[in-house]
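Architecture and fold: a report
Here is what each chain is made of, one letter per residue.
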Amino acid sequence: LMPEHDPTTDSIMVATGTGIAPYRGFIRRLFVEDTPAGNAYKGQAWLFLGVANSDALLYDDEWQAALKDYPENFRLDYALSREQENKKGGKMYIQDKVEEYADEVFAKLDAGAHIYFCGLKGMMPGIQDMLKGVAESKGLVYDEWLKGLKKNKQWH
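Residues numbered from 1 in each chain as written. Predicted model: local features only at pLDDT ≥ 70, side-chain atom pairs only at ≥ 80, totals over all residues. Heavy atoms only, no water.

**Remarks on the overall build of the protein chain**
Of the regular secondary structure elements, the protein chain holds 7 helices and 4 strands. Along its sequence from the N terminus, the protein chain presents helices and strands in the succession β-α-α-β-α-β-α-α-β-α-α. Relative to the globule expectation of 15 Å for 156 residues, the C-alpha radius of gyration of the protein chain, 15 Å, shows essentially globular dimensions. The dimensions of the protein chain, computed from C-alpha atoms along their principal axes, are 40 × 40 × 25 Å. In the protein chain, buried positions account for 47% of the 156 residues. Long-range pairs, those at least 24 residues apart, make up 72% of the contacts in the protein chain between residues at least 6 apart in sequence. With an accessible surface of roughly 8300 Å², the protein chain has 49% of that area assigned to carbon and sulfur atoms. (Helix = DSSP H or I, 4+ residues; strand = E, 2+ residues; numbered from the N terminus. Rg over C-alpha atoms; globule rule 2.2 N^0.38 Å. Buried < 20%, exposed > 50% of the residue type's maximum accessible area, 1.4 Å probe, protein only. Contact = heavy atoms within 4.5 Å. Areas by Shrake-Rupley, 256 points an atom, 1.4 Å probe, with all protein chains shown as cover.)

**Quick notes on the side chain of T35**
By the secondary structure assignment, T35 is in the loop between α1 (21-31) and α2 (36-40). T35 sits in the buried class, given a relative accessible area of 13%. At 2.7 Å, the side chain of T35 and the backbone oxygen of R29 are in polar contact. (Polar contact = N/O pair within 3.5 Å; in protein donor to acceptor, adjacent residues only side chain to side chain.)

**Side note on the nonpolar core**
Membership of the largest hydrophobic core comes to 27 residues, with the highest contact counts inside it found for V14 and W155. Among the secondary structure elements, those contributing two or more residues to this core are β1 (11-16), β2 (45-51), α4 (94-100), α5 (102-110), β4 (114-118), α6 (123-137) and α7 (142-151). The element contributing the most residues to this core is α6, with 7 residues. Sequence-distant contacts of W155, that is, excluding residues within four places in its chain, are made with I115, F117, M124, Q128, L131, Y142, L146, L149 and K150. In terms of nonpolar packing, the next biggest core, distinct from the first, is built from 21 residues, Y41, V51, L57 and A66 among them. (Core = buried A, V, L, I, M, F, W, Y, C linked by side-chain atoms within 4.5 Å.)

**Focus on the packing of α6 against α7**
The contact between α6 and α7 brings their axes to 9 Å, and the two run at 110°. Of the possible angle classes, the one that applies to α6 and α7 is roughly perpendicular. For the crossing formed where α6 meets α7, the hand is right-handed. The residues of α7 that touch α6, namely those facing Q128, L131, K132 and A135, are Y142, W145 and L146. Counted by class, the contact of α6 with α7 contains 5 nonpolar, 1 polar and 1 charged residues. (Axes fitted to C-alpha atoms, helices over the stretch in contact; angles between N-to-C directions. Parallel < 35°, antiparallel > 145°, perpendicular 65-115°, else oblique. Left-handed = near helix turned anticlockwise from the far one by under 90°. Nonpolar A, V, L, I, M, F, W, Y, C, P; charged D, E, K, R; others polar.)

It is worth stressing that arrangement in space is one thing and function is another; only the former is reported here.
Right under this line is the structure:
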């Protein structure tokens, strides 16, 4: 999961529900276990997790510990669809939460960050629609931008 050739590379992880499981291993490898990858890591691992409500947050204690111990290298944002509202007053889905930080996400990707998606297959159309809208608002041709991320092996 980690682009080990450059330990300064930022990682943006987007998960829904139990799609969080692979990221748990990734975060543990970077911030809990004594691993060469974790010892070398100087980038930022940014986790977006979407669930229905705060009762459904998996491994929150681990995420909070990583935030406390590695505030410069770990970032966390939740999308709680039954507890939060998006900017349009609707339910807060994962794509809405990522969109709140679209400028930062796009800047990180432009600087070489990798973005990973794991979870419900149904999340991808919403995420891709949101990314397309943001890309177009920035004057980018979405298909070309996405093709570049894939060519650079930044899209997972």
